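# Commentary on secondary and tertiary structure
Here are the chains, one letter per residue:
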Amino acid sequence: MLMQKLQEHRNEDGSTGFSMEKFLEVFGEILNGALSTEQMTMLFMKIDANTDGNMSWDEFSSYMMSGALEKDDSSNLTIFDEKNKKTYLSLHKDIIIKVFYTIKERKYLSISRDGTANIWGLNFNLQRSINILELSSLSYDTTHFWITDATFIQEYNRLVVCSDNRFISIFDILAIKPRLLISFGPLDNNPLCISFNANLNENYDLLLVGDDEGYINFIYINKKILSSSNVYGVWNTNNKRNKKNDSNQIHIYKKKTHNGWINDIQYYNELNSFVTCSSDSNKSLVITDIERKPVRSIHIPKGVRCFTLVRRPCFLVTGGEDKIIRLWNPYILSKPAARLVGHFSGIVSLLVNEKEGNIISLSDDGMYKIWNMSTFACLQTFQQCVTYKEDCCFPCLYYDSINKQLINGYNNFTIYPLYLYQKKANVRTYNTQVVAAMFNENFYQVVTGSQNGTISTWAYYSGEKVFQFNKAHGDLEVTAFAFDNSGRRLITGSRDGIIKIWNFNNGQLLRKLYKDNNLEVTAVEFIETGSNKYVICTGWDRKITVYLDDPDHFESWPTRILYSKRGHQEDITSIAFYEPNILATASVDGVIVIWNLESGYMKLSLIDPLIDLRPIDEKSIEKIKFFHPSNGKPYCKGKVPLLSCHSDGHIRCWDIQDGSLIYELECKPLQKEGISDMFLNHDLTLLFIGTSDGNIMIFDIFPTLDNLKYINDDTFKLKKIFRAHISSITSVSSIDTQNIILTSSKDCSVRLWTLDGDFIGTFGQDDAWDIEDPETYSNLPNDIYQQYLIDSMKMDNDKNSDYINRMKLKEKADKNWSLIRKYLKKIKQNVDKNDNSNENPKSTNETINKALDALHQAKEINTIKSNQSKDILIKENPVQFFTYRGLMKKSRVAPVMKKVRADLVFHQLSCHELEDIRDLENEISQSAPSSLLPVLNKVKGKTEHKTYSQQKNKLNIL
């Protein structure tokens, strides 16, 4: 019906398609009131992405098909977050055999082959290190042996180890004074693996030990021994096998199951059986019990290195040197139920995450694979580079189901957090860095983009995803985002210099723009001047490339290119446009160039007066923006201020007519923090600033901008500051109708905040919010909360370090005064010598000149000090003299100090009183060498160096 009406309808000019009015009329009849007029208007704007005011059948069908073919990104699952893995030093001298999490104590326990047991906190901070060989030295004839395996008994908080001296030992390892409780041995063979089964029956627990001759050793231990704190010492097994001991506390039996080494041994209550594995190809895995004579076994080439049990549904999982993971029905061992292929090396470890339904496998080349229990599909693969030692010992793998993380222990600890668990605590919008997040006023949506080319559309009022398409530029990174003026199209730039224009509501590619090179695009802008519409891009080519917005051509080349040898010498980072024809560009070397867009003429360049004093990493300009008047009136004589945000932490305001710097605003919540983005609201009453440390600063702007000379300290007043992310802010903007702040960051998240700094939610979280109901807002993200704790600790440390820094400044300032004392002492010696010989040698004059130079330097430094506020010593950033504001202060010393590093000069700011030094200089310069003694006697009463917080202490300088 719709297609028929579209084909039959003719506009006044004879063309087909619906205007908005006709679209509302026809769709209103078809849908019979199912959509409101506002909803149908938004639908028309989504379909009419080229903004020509006409919807054709091709546009409508393309929109509907693109929406139906929206790609599902669920195949790219992340189970363990390998990008946020953490590595901790194990402090073990030998390889780690086992890692456990002690539930009752909430600590980690690691055992190394050399017998060292380390106890760790939840953040793997070492709390205690115990040498269990020393605890065993009273019981064994020798302490030179290796630990072959270990297990931790959670029910009793006991550590059980087996060693190559053929003993099994049980330790109370978590006691205030760790000790050995009991040892069993010597066994007939070397034990290789051990496991524990609690509550075998009413009176006994069971310890299972596999040895190097293929025997299972069954050790039945009375529960009283394990629960008691008594020390039993060594329980000698000679001549007591298969017999009760005198105290009727321990029984030991053994049973032959394999012809070689037993690699692992477990008892499963679900099977009521013991399961062992070996590298033997004939009996690779054996299922048996102590009473059953027939042994059921599995035969696998190269044997089985490891196994585990999946309880629901019940099946055994085996892995070995043949690189294949097999799944077995424990009651039908004739052939495997499934085979999982994908590893390129032998399997060394298998674990099960029952709650998430995953099997975790590790091969000896460091490759991890996560498998789905139900579909047997490989969900995730990641690699860990580990250099194994020559003795073929492989890392131990432990899954902590309490703290939801995978722990690999070998030389050090590598922790992989469970992504689904981590996502609930630290929700991330994407898996890669967010390039930008922008609010679209036409559709009341938030559009976000990540570096890997994923473009998403969200409902800002609920946080729910509306639409998403992937790989906007193939496998290349997306580097720039912008809307056109209608808000219906999205413009993206990429690493290879190609610009694309999209209908972001359905992922339809509308246009493709090429440059004359393949260098990265760093900024794109859509501008209108008169009846012309342009797309402008800049980047690493240091040129301004201009394209005509012509929807009739899918592929386009530049209309013109603006370039000047006097222009940018480094990569361009930002663009700003002011009607009718003023274009401004900024670069990483701190230069702003003003262009006439119509003529292409470079009018002037703007440079920070103190740019040469700044390090390279503080010169870059991150963004520029014209400050349009809030009352709609033009500025005096056509002047318009230009705002620029810099990586040195300052906002600077420029007069683009005179090429002068009007005002400088310092924005440094932290001392070494730079500014990464800024945003002005529509009314020009609020300035939002995003910093390199993830902070958001909000400034009130007062309406005093009718004349540029009124821009001063009263123009910008800090209203609010809060931390929004833990990494650098990539974009900040506001939704004025709701008083909401939208932020994105390199930490892969896009978040929504109120103007008061209250957290609303992260786009991509499971629970939706209602923008009108604060009760639905989320709690503060866990990463921000942790950072607040760290910042609080730093503040406490800074208070202590402030005194230390003051003392260091005092020492450095004293060196300058000691130099003066040195030359004055020489003068005194020469004067005494000359008075006796009635001579006036040239060396005396040279010494006097050196003293005068030192005094002159001290006077100049104190001139700087006298022109500065005494608060300079307690400021977080004490080098304010070397800002623009400091330069504007009248100081005859400033020109001399132009090429001096600010931090070096500041060390000399606290010296002696200026008047004392000036008087001393005058008296020396006016006195003859023979009459310097009165001056020197006067100097003896001068005070030593003092800070503002110290009282004057009079010392003799000679």
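## Re the overall build of the protein
Across its full length, the protein carries 13 helices and 58 strands. Looking at the protein residue by residue over its 958 residues, the buried ones come to 54%. Across the protein, every contact between residues at least 6 apart in sequence was considered, and the portion connecting residues at least 24 apart equals 50%. For the protein, the exposed surface amounts to about 44,800 Å²; the carbon and sulfur share of it is 48%.

## Comments concerning the pairing of strand E52 (residues 686-691)
Burial analysis of E52 places 6 of its 6 residues in the buried class, which makes it a mostly covered element. Both faces of E52 are covered, namely the face carrying Leu-686, Phe-688 and Gly-690 and the face carrying Leu-687, Ile-689 and Thr-691. Direction of pairing for strand E51 (residues 675-680) relative to E52: antiparallel, over a ladder of 5 bridges. Its bridge partner lying in E52, Met-678 is registered against Ile-689. Joining the antiparallel neighbours E51 and E52 is a turn of 5 residues, in which Leu-684 adopts a positive phi near 55 degrees.

## Overview of unusual backbone geometry
Cis geometry marks the peptide bond from Gly-185 to Pro-186; its omega dihedral reads -5 degrees. Looking at the element boundaries, Pro-186 is found in the loop between strand E9 (179-185) and strand E10 (191-197). A cis geometry characterises the amide bond from Glu-579 onward to Pro-580, with omega recorded as 5 degrees. Even without glycine at this site, Phe-124 takes up a positive phi of about 60 degrees.

## A closer look at the confidence of the model for the protein
Overall, the prediction assigns the protein a mean pLDDT of 77, with 71% of residues at 70 or greater. A low-confidence stretch, residues 938-958 (pLDDT under 50), is modelled with 42 contacts involving residues beyond four sequence positions or located in other chains.

## Re the side chain of Ser-345
Looking at the element boundaries, Ser-345 is found in the loop between strand E22 (338-341) and strand E23 (347-353). Residue Ser-345 is classed as buried on the basis of its relative accessible area, which comes to 15%.

## Concerning the environment of Leu-24
Positionally, Leu-24 belongs in helix H2 (residues 20-31). The class of Leu-24 is partly exposed, set by a relative accessible area of 21%. Here the alpha-carbon distance between Leu-24 and Thr-37, two residues 13 residues apart in the chain, equals 7.1 Å. Other than its neighbours up to four places away in sequence, Leu-24 contacts Thr-37, Met-40 and Thr-41.

## Things to note about the sheet that holds strand E11 (residues 204-211)
Sheet architecture is open: 4 strands sit in the order E10-E11-E12-E14, paired in antiparallel fashion. Each edge of the open sheet is held by one strand with a lone partner, namely E10 and strand E14 (250-256). Sheet twist, expressed as the average angle between the axes of neighbouring strands with direction ignored, equals 20 degrees. Relative to E11, E10 runs antiparallel, the two sharing 6 bridges. Counterpart to Pro-191 in the pairing with E11 is Asp-211.

## Description of the pattern of salt bridges
Overall, the coordinates contain 21 salt bridges when judged by the stated rule. For Lys-515, the salt bridge goes to Asp-541, with nearest N and O atoms at 3.3 Å. Remark: Asp-541 occurs in the loop between strand E39 (532-539) and strand E40 (544-548) and Lys-515 occurs in the loop between strand E37 (508-513) and strand E38 (521-529); sequence separation between them is 26 residues. Take Lys-515: its relative accessible area is 6%, and that puts it in the buried class. Its relative accessible area of 9% is what places Asp-541 among the buried residues.

## Some points on the sheet that holds strand E13 (residues 233-236)
The strand order across the open sheet formed by 5 strands is E6-E7-E8-E9-E13, and the pairing between neighbours is mixed. Each having just a single partner strand, strand E6 (147-153) and E13 make up the two edges of the open sheet. Neighbouring strand axes in the sheet, compared pairwise and without regard to direction, differ in orientation by 20 degrees on average. Where E6 meets strand E7 (residues 158-163), 6 bridges bridge the pair, whose relative direction is antiparallel. Within E7, the residue paired with Phe-152 across the bridge is Leu-159.

## A look at the side chain of Ser-278
Locating Ser-278 in the fold gives a position in strand E16 (residues 273-278). On the accessibility criterion, Ser-278 (1% relative accessible area) is buried. Reaching out from Ser-278, the side chain makes a polar contact with the backbone nitrogen of Asp-280 at a distance of 3.2 Å. If near-sequence neighbours (up to four positions away) are discounted, Ser-278 is found in contact with His-258, Gly-260, Trp-261, Asn-263, Lys-283, Ser-284, Gly-303 and Val-304.

## Re the pairing of strand E46 (residues 602-607)
In the sheet, strand E45 (residues 591-596) pairs with E46 via 5 bridges, with the strands oriented antiparallel. Bridge pairing in E46 places Trp-595 opposite Met-602. Where E45 folds back onto E46 in an antiparallel hairpin, the turn is made up of 5 residues, including Gly-600, whose phi is positive at roughly 80 degrees.

## Some thoughts on the nonpolar core
Grouped together as the largest cluster of nonpolar side chains are 21 residues, with contacts concentrated most on Ile-168, Phe-184, Leu-207, Ile-219, Ile-221 and Ile-250. Residue assignment for this core shows that the elements contributing at least two residues are E7, strand E8 (168-172), E9, E10, E11, strand E12 (215-222), helix H6 (223-227) and E14. Formed by 19 residues, the second largest nonpolar core is a distinct cluster that contains Phe-627, Leu-665, Ile-711 and Phe-716.

## What about a nonpolar patch on the surface?
Taken together, the side chains of Leu-780, Tyr-785, Tyr-788 and Leu-789 present a nonpolar region at the surface, about 350 Å² in accessible area. Inspection of the secondary structure puts Tyr-788 in helix H8 (residues 782-837).

Cut-offs used in this document
Residues numbered from 1 in each chain as written. Predicted model: local features only at pLDDT ≥ 70, side-chain atom pairs only at ≥ 80, totals over all residues. Heavy atoms only, no water. Helix = DSSP H or I, 4+ residues; strand = E, 2+ residues; numbered from the N terminus. Buried < 20%, exposed > 50% of the residue type's maximum accessible area, 1.4 Å probe, protein only. Contact = heavy atoms within 4.5 Å. Areas by Shrake-Rupley, 256 points an atom, 1.4 Å probe, with all protein chains shown as cover. Pairing = 2+ DSSP bridges. pLDDT = per-residue confidence, 0-100. Axes fitted to C-alpha atoms, helices over the stretch in contact; angles between N-to-C directions. Salt bridge = Lys/Arg side-chain N within 4 Å of Asp/Glu carboxyl O. Polar contact = N/O pair within 3.5 Å; in protein donor to acceptor, adjacent residues only side chain to side chain. Core = buried A, V, L, I, M, F, W, Y, C linked by side-chain atoms within 4.5 Å. Patch = residues over 30% accessible without salt bridge, like charges linked within 9 Å, V, L, I, M, F, W, Y side chains within 5 Å.

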